[in-house]
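Tertiary structure, described
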Amino acid sequence: MLPVWLNNPGLLLILAGCVIPILPYRLRMAVLLGAPIAGLAWLWQIPLGTTTQISLLEYTLTPLRVDGLAFTFGVIFNVAAFLSGLYMWHTHSRLEPAAALIYAGSALGAVLAGDLITLFMFWEVTAIASALLLVIRGLRDAMIVARRYLLVQIASGLFLMGGAAIYIHATGDLAFGHLGLDAPGSWLILLAFGIKAAFPLLHNWLQDAYPSASATGTVVLSAFTTKMAIYALARGYAGTDLLVPIGAVMTIFPIIYAMLANDLRRVLSYSLNVQLGFMVVAVGIGTELAINGAAAHAVTHILYKALLFMTIGAVLRQTGHVRATELGGLARQMPWTAAFCVIGAASISAFPLMAGFVSKSLILAAVAHEHWAGIWVTLSAASAGALLYVGIKIPYFAFFAPNDQIECEEPPRNMQIAMGLTAAACILLGLVPSLLYSILPYPVDYNPYTASHIVTQLQLLAFSALAFWLAWRAGLYPRPKRAVHLDTDWVYRMLLPRFGYVAERLYHASLNKLGGGLGSLAQTGMARLRLRYDARGVMSRTWSTGWMVLWVAILLVVYLVMYY
Amino acid sequence: MLIERNPQKFRRPSTTARRRWAWVLYIVCALTLVPSLFIHPHSEFGFAEIPGFHALLAFVTGCVLVLVAIVVRRIIIRPEDYYEHRT
């Protein structure tokens, strides 16, 4: 029998990650692939509703809680860990697979955590392990980015700790269940979740960090942190109306950035943000259908986003380029990768028969069911826009744009297999949605393949392609440019350092002035003091004892008189 | 790796090919509109049941997004080495 604190599939992955660096290559890879499979099998056989408890000091922790919501996210986290492990099979790095497994394991642990303290601990481990994935690359730029990334992630952890402390102090309850906005400390916890879920204005760590990781590292990064935050929101804030407009904003504004961005992995990072918006809206609606939609979308989204990051990572590895201005024309040289990329792009654009279609329509149905007309139109528009900023853009600029300057071949076999499996999963979930619906938190009574739904979706896709084509032909669609497009990271990369610079200058200037002033003040002060106290000063004259006695007597007389 | 121009590799498609693909797109767009004359979608919202509503929504969204992107780019674009020249 395992000790209670070890009885957790997340810890299995973390421990596997810890031993990986000391193993020889083949064993390392066996552990890298075996641990997620074992974790999945373990999770699968735990009956829903299981919790384990241990007492620590005067508190009772719940390190393991498996219910419907945790199960869905746990399953997809294990699958994502396996696929990304397969994708990095060819790397001989010791640290990258270790960091990836620890990261996946801590995300899994956070999802399975039943109390706020356990959640906080795993929350912090994800931050550190994922930052490690950025640091491993060893590039100077990546180090700077990793520092910024870690600051943001740790800030999120601190807010969670503060909020949890207030909540536990006020209620005496450790359990991580539904919080809502009225619970004590819950705004701080919402802020912590919001940072990791990339809420608008808190989002920019994502587009800053993900394009800076290695080709394999980005695939791992894209799967866990943000979806862990979506899980936490769904657990703590389901049905919070505030999240609906926040999510709606998230589905629209990153589209513009995705259209402008040149680095294809940055394009994908912005589109990741858009998809998170869909899930946040669903969490804000909070009905069973909506939570199902959020969880289903998290599952499919992890798959197709990982697939897109994998194909672009393969392009980066094979050509050394990842920017649209340098790429193009790879379809003949990397036909398989191109095909997988098209499948991923079709999935994210929610083509019927693809994974994105069956999950996105759950969310839209939930929104329509609760009669949020404006939000429904916004989400429909955003899903039409998907074709513009990623569905056409990514495959076109990487594989089909005219460019005869690049010579390369297909990526290593393991990358192709990983991409093939992920693409197959995208198609399988699209063809057999019941497979996806069977692992969702609540029973699903929904059929995405009705005639009218297919027709309206095809209209949506065809006409947004038409808009793209007409804009392209007219020369209006923004062409990729080698440039920086300002986002909120401007605040902490430019504005705050400038403030810091100005403050530093002011400090030095004032120090000079003030220092001069103080100096002269000190000099005059010393002169005065010397006048009284130096060798010839009033206070250091030698007086005879008689005079002293006389003065003391006079003082005593004065006291006496004053008393009377 | 960069190499000399290789005529075997991917080049800009010819104008006729582009025109042909454009026609395919127009025809597909028209075809998606046909069934909505016969199938009446059952939506929670009245406006979504208008035939071709989704087509219109997608087209308008596409155009608006492109126009907004053009304007936004003017405002937020900076040189590539912008962050390397900080004070």
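Thresholds, definitions, all that
- Within any chain, residue numbers begin from 1 and follow the written order of that chain's sequence.
- Throughout, the order in which chains and ligands are written sets their labels, letters from A for the former and numbers from 1 for the latter.
- Totals for whole chains, interfaces and linings use all residues, but because this is a predicted model, local features are given only for residues with pLDDT of at least 70 and pairs of side-chain atoms are given and counted only at 80 or more.
- Starting at the N terminus, helices and strands are each numbered in turn, a helix being any DSSP run of H or I of at least four residues and a strand any DSSP run of E of at least two.
- Here, residue contact means that the backbone-derived C-beta atoms of the two residues sit within 7 Å.
- Whether two strands pair comes down to DSSP finding at least two bridges between them.
- UniProt positions are given in the numbering used here, feature names are shortened, and annotations may be inferred rather than shown by experiment.
- Here a residue counts as buried when 20 or more other C-beta atoms fall within 10 Å of its C-beta, as exposed when 12 or fewer do, and as partly exposed in between; the C-beta atoms come from the backbone.
- For every element, the axis is a line fit to its C-alpha atoms; helices are fit only across the contacting stretch, and the angle between N-to-C directions ranges from 0 to 180 degrees.
- Note that the term roughly parallel is reserved for angles under 35 degrees, roughly antiparallel for angles over 145, roughly perpendicular for angles of 65 to 115, and oblique for everything else.
- Take the far helix as the reference: if the near one is turned anticlockwise from it by less than a right angle, the crossing is left-handed, and if turned clockwise, right-handed.
- Multiply 1.5 Å by the residue count of a helix minus one, and that product is the helix's expected span.
- Confidence per residue, as judged by the predictor, is encoded in pLDDT with a range of 0 to 100.

1. Looking at the overall build of chain B
Helix and strand content of chain B: two helices and one strand. Starting at the N terminus, the α and β elements of chain B follow one another as α-α-β.

2. Here we look at the interface of chain A and chain B
If you look at the interface, chain A gives 53 residues, while chain B gives 48 residues. Broken down by secondary-structure element, the contributors of at least two residues to the side of chain A that touches chain B are α10 (243-260), α14 (355-369), α15 (373-391), α19 (451-473), β3 (484-485) and α20 (489-533) of chain A. Per-element tally for the side of chain A that touches chain B: the top contributor is α19 of chain A, with 16 residues. The pairing of β3 of chain A with strand β1 (residues 77-78) of chain B spans two bridges and is antiparallel. Bridged to H485 of chain A within β1 of chain B is I77 of chain B.

3. Some details on the UniProt feature "transmembrane region" (unreviewed entry) in chain B
All names here are of chain B. This chain's UniProt record puts "transmembrane region" (unreviewed entry) on residues 21-40 and 52-72. Its end C-alpha atoms 30 Å apart, residues 21-40 is made of 65% helix and 0% strand. From the first C-alpha to the last, residues 52-72 spans 30 Å; its make-up is 95% helix and 0% strand.

4. A short note on unusual backbone geometry
All names here are of chain A. Residue L201 is not a glycine yet carries a positive backbone phi of 75°. With respect to the secondary-structure elements, L201 resides in the loop between α7 (186-196) and α8 (204-209). A positive phi angle, near 80°, is found at L353, a position not held by glycine. Locating L353 in the fold gives a position in the loop between α13 (335-348) and α14. With 14 C-beta atoms counted inside 10 Å, the residue L353 sits in the partly exposed group.

5. Details of the pairing of strand β2 (residues 59-66) of chain A
Residues and elements named next belong to chain A. Burial runs high along β2: six of the eight residues are buried. Across six bridges, strand β1 (residues 50-56) lies against β2 in antiparallel orientation. In the strand pairing of β2, I54 is matched with L61. The hairpin turn running from β1 into β2, its antiparallel successor, is two residues long, and L57 in that turn takes a positive phi close to 50°.

6. Let's talk about the packing of α13 of chain A against helix α17 (residues 413-431) of chain A
Residue and element names in this part refer to chain A. Interaxial distance between α13 and α17 falls to 10 Å at its minimum, and their mutual angle equals 30°. Compared by their axis directions, α13 and α17 come out roughly parallel. Here the hand of the crossing between α13 and α17 comes out left-handed. Contact residues: α13 offers W336, T337, F340, I343, G344 and S347, while α17 offers Q416, M419, G420, A423, C426 and I427.

7. Brief notes about α10 of chain A
A rise of 1.5 Å per residue sets the reference length of α10 of chain A, with its 18 residues, at 26 Å; its end C-alpha atoms lie 27 Å apart and thus fit the reference within 8%. Along α10 of chain A, 14 of the 18 residues are buried, which leaves the element largely enclosed by surrounding structure.

8. Things to note about the confidence of the model for chain B
Low-pLDDT portions of the prediction should not be read for the details of their coordinates. Scored by pLDDT, chain B has a mean of 80; 80% of the residues are at 70 or more. Per-element mean pLDDT across chain B ranges from 86 in β1 of chain B up to 91 in helix α2 (residues 53-76) of chain B.

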